Amino acid sequence: MERLNGPRIAPAVFRDVLGRFASGITVVAGLDAGEPVGFACQSFASLSLDPPLVMLAVGRSSTSWPRIERAGRFCVNILAEDQQATCSALGRSGPDKFTGVPWSVTGHGTVRLDGALATVDCRLADVHEAGDHHIVTGEVLDLAAREDGHPLLYFRSRYATGTFSN
């Protein structure tokens, strides 16, 4: 990717300014050789209705993503406000991230977290390199949502919760 001309933006300033955009938090999870693998992800969005597609951004340094990519399927678990501990567990590096995190295997061979506000089962559609991240698109295979609960949010490098009216 060609860099635009202009002043270099300091990473701390970039993080601070864009941290003012509140985002939901997800856990992207799949199976690798029958074992759960996943990571916390706040860069997630719907992309297309026809065909139904979602997108997410994954750091190129992720050790979990290559394992999920090999499987070719993943579940995006949209976290509820009471899942901060789950987010912390799946947001760290290393093995045994799923210790103490209740989960089940979906009919699509992905990992669904118990208590998630919503889940989106996907088949990997495409991966694009973008700076220090990969932009991943997933073809939506199945969806599920709870009728109750509120989202876990991330704002200015801290967890937050949101209450919304119907």
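A.B. asks: What is the right way to read the pairing of strand 9 (residues 118–130) from this model?
C.D. replies: Every other side chain in a regular strand lies on the same face of the sheet, so the side chains alternate between the two faces. Two strands pair when backbone bridges link them, and strand 6 (residues 73–78) and strand 9 are joined in this way by 6 bridges, in the antiparallel orientation. Paired with R73 across the strands is R123, a residue of strand 9. Inspection of the sheet shows strand 9 paired to strand 10 (residues 133–145) by 12 bridges, in the antiparallel sense. What sits directly across from V127, in strand 10, is V136. In textbook terms, the turn of a hairpin is the stretch between consecutive antiparallel strands, and for strand 9 and strand 10 this stretch comprises 2 residues, one of which, G131, has a positive phi near 60°.

A.B. asks: I tried to follow the side chain of H134 on my own but got confused; where do I start?
C.D. replies: With respect to the helices and strands, H134 occurs in strand 10. For H134, a relative accessible area of 15% gives the class buried. Ignoring anything within four residues of it in the chain, the contact list for H134 reads L56, A57, V58, R60, W65, V127, H128 and E129.

A.B. asks: Help me understand the nonpolar core, please; the structure alone is not making it clear to me.
C.D. replies: A general feature of soluble globular proteins is that nonpolar side chains tend to end up buried together. One finds V28, F39, L56, I68 and F74 to be the most contacted residues of the largest nonpolar core, which totals 15 residues. Setting aside its immediate chain neighbours within four residues, F39 contacts T26, V27, V28, L56, V58, S62, S64, W65, I68, L90 and K97. Membership of the second largest hydrophobic core comes to 13 residues, among which are A29, A89, F98 and V111.

Quick notes on the rules
- Residues numbered from 1 in each chain as written.
- Predicted model: local features only at pLDDT ≥ 70, side-chain atom pairs only at ≥ 80, totals over all residues.
- Heavy atoms only, no water.
- Pairing = 2+ DSSP bridges.
- Helix = DSSP H or I, 4+ residues; strand = E, 2+ residues; numbered from the N terminus.
- Buried < 20%, exposed > 50% of the residue type's maximum accessible area, 1.4 Å probe, protein only.
- Contact = heavy atoms within 4.5 Å.
- Core = buried A, V, L, I, M, F, W, Y, C linked by side-chain atoms within 4.5 Å.

It is worth stressing that arrangement in space is one thing and function is another; only the former is reported here.
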